[in-house]
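Residues per chain, in single letters:
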Amino acid sequence: MLEIKCSGSPYEIGIAHGSAAKANIAGSIDFYARLFQTTCSLPWSEVRHEAATYVASLEALAPRYMEEIRGIAEGSGRTFLDILALNIRTEIMFGLYSDVKKDMTQLPSDGCTALGWLADSNTSYLAQNWDWMAEQGPNLVVCHVSSQLDADDIPAFATVTEAGIIAKAGLNAAGVGCCLNAIKCRGVDPSKLPIHFALRKVLESPSRKAAVETIKRAGVAGSGHILVGDATGATGLECTSKWVKEVRMDAQKRVCHTNHLILDHDDVEEPPWLEDSPARLARVRELTAGMVRPSLDDIVNVLSDTEGYPCSINRRQEAASVAETLFTIVMDLTGKEARVTFGRPSEVREEMAISF
């Protein structure tokens, strides 16, 4: 797996990412160009045109990230709008389906099963399987990012992400981590943070509390669930273009989530799209309910479960399942370390350790 060390100014961080992952970024663009064409009949030139409509608002909202995206474009030899489109591909897709006459169930989106757990051992775990089309697997990278701008006071962090995208799941030197579950709700608000920008905000936060406050204050442009954790536990953030609501730890100090909203959401439209999402949520709760003082290996075993195969927690791309588990990350936020495996957790192709 390609690991990239990125440091310096936002532009220098982008240059490092783009230069090291040039081939992977080309692969990401090719993958999403084909996806937009086959699912939305939209050529990549039109996807770039849609991305351009977000530039003014994002320059005001997140200028550092936009400068980093310029660096990624320069380093990879792609256009700025190519890289911006990758980073806001979720929002562009949601925007195309803002018309209530359009069937959102046909909208492609990555799945996932996520778990945050402050265990009886006083170890705080954050974990997920990231499920997406197998064709995008070769374009995953791990970025280790360290800002050298004194005024920023941003902790170093590591993120497993798609090449060209500034953040996804990961953790930082302060012991703050994040995971992501795709959610499908109609609506997008370009004045708020794109979901991958929101993940980056979490990874730059000094604590779970600060991260939650930042995301709730800024808002999120489209829908998704961001699981935020640190040594004190976990908070789920169910996000739509209208609001951000907190999913608090249950009596066992867990936050379990899959690919549907579990809080009240009468004011948003959420069409059904992954029929297995409720079953996976029930299953992860069931598997963790009887555990006492779970270990990191126990969490891995939960994420390896195949009940309901191929649409299981440990997902396989076959039959009714259009995606499979491409990586698994299990973070010990108390110890500020993580184990990442690539491939299905039962078919690991590569393993990596991250620590601070």
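Residues numbered from 1 in each chain as written. Predicted model: local features only at pLDDT ≥ 70, side-chain atom pairs only at ≥ 80, totals over all residues. Heavy atoms only, no water.

Chemist: I tried to follow the overall build of the chain on my own but got confused; where do I start?
Modeler: Helix and strand counts for the chain stand at eleven helices and 14 strands. A globule of 356 residues ought to have a C-alpha radius of gyration of about 21 Å, and the chain, at 19 Å, matches this closely. Its C-alpha atoms give the chain principal-axis dimensions of about 50 × 50 × 40 Å. In the chain, which comprises 356 residues, the proportion classed as buried is 60%. (Helix = DSSP H or I, 4+ residues; strand = E, 2+ residues; numbered from the N terminus. Rg over C-alpha atoms; globule rule 2.2 N^0.38 Å. Buried < 20%, exposed > 50% of the residue type's maximum accessible area, 1.4 Å probe, protein only.)

Chemist: Would you take a moment to explain the packing of helix 2 (residues 22-40) against helix 7 (residues 89-96) for this structure?
Modeler: Two quantities define a packed helix pair, namely the angle between the axes and the distance from one axis to the other. Interaxial distance between helix 2 and helix 7 falls to 12 Å at its minimum, and their mutual angle equals 10°. Of the possible angle classes, the one that applies to helix 2 and helix 7 is roughly parallel. Between helix 2 and helix 7, the residues in contact are Tyr32, Phe36, Thr39 and Cys40 and Arg89, Ile92, Met93 and Leu96, respectively. Of the residues assigned to the contact of helix 2 with helix 7, the class counts are six nonpolar, one polar and one charged. (Axes fitted to C-alpha atoms, helices over the stretch in contact; angles between N-to-C directions. Parallel < 35°, antiparallel > 145°, perpendicular 65-115°, else oblique. Contact = heavy atoms within 4.5 Å. Nonpolar A, V, L, I, M, F, W, Y, C, P; charged D, E, K, R; others polar.)

Chemist: I would appreciate a short explanation of the packing of aromatic side chains in the present structure.
Modeler: The geometry of an aromatic ring pair comes down to the distance between the two centres and the angle between the two planes. Tallying each qualifying case throughout the model produces six aromatic pairs. An angle of 80° between the planes, with centres 4.8 Å apart, marks the rings of Phe31 and Tyr32 as edge-to-face. Judged by relative accessible area, which is 3%, Phe31 ranks as buried. Of the residues examined, Tyr32 reaches a relative accessible area of 1% and is grouped as buried. Ring centres 6.0 Å apart and planes at 80° place the aromatic pair Phe31 and Trp132 in the edge-to-face group. Taken as a pair, Phe31 in helix 2 and Trp132 in strand 3 (residues 124-132) lie far apart in primary sequence, 101 residues in all. (Phe/Tyr/Trp six-rings, centres within 6.5 Å; stacked < 30°, edge-to-face > 60°.)

Chemist: I keep staring at unusual backbone geometry and nothing clicks. Help me out?
Modeler: Residues other than glycine predominantly adopt negative phi, and peptide bonds predominantly adopt the trans conformation. Here the residue pair Tyr309 and Pro310 is connected by a cis peptide bond, since its omega of 5° sits within 30 degrees of zero. With respect to the helices and strands, Pro310 occurs in the loop between helix 11 (296-303) and strand 12 (324-332). Of note in the backbone geometry, Lys336 takes a positive phi value of approximately 55° without being a glycine. Of note, Lys336 is situated in the loop between strand 12 and strand 13 (337-342). By relative accessible area, Lys336 is classed as partly exposed at 30%.

Chemist: Quick question: what am I supposed to make of the sheet that holds strand 14 (residues 350-355) here?
Modeler: Picture the strands of a sheet paired through backbone hydrogen bonds; they go either parallel or antiparallel. The strand order across the open sheet built from six strands is 11-2-3-12-13-14, with neighbouring strands paired in antiparallel fashion. The sheet is open, and its two edges are formed by strand 11 (254-257) and strand 14, each paired on a single side. For this sheet, the mean angle separating the axes of adjacent strands, direction not counted, is 10°. In the sheet, strand 12 pairs with strand 13 via six bridges, with the strands oriented antiparallel. Across the sheet, Thr328 pairs through a bridge with Thr341, a residue of strand 13. Sheet strands in contact with helix 11 are strand 2 (113-118), strand 3, strand 12 and strand 13, and its direction is about 30° off that of strand 3. (Pairing = 2+ DSSP bridges.)

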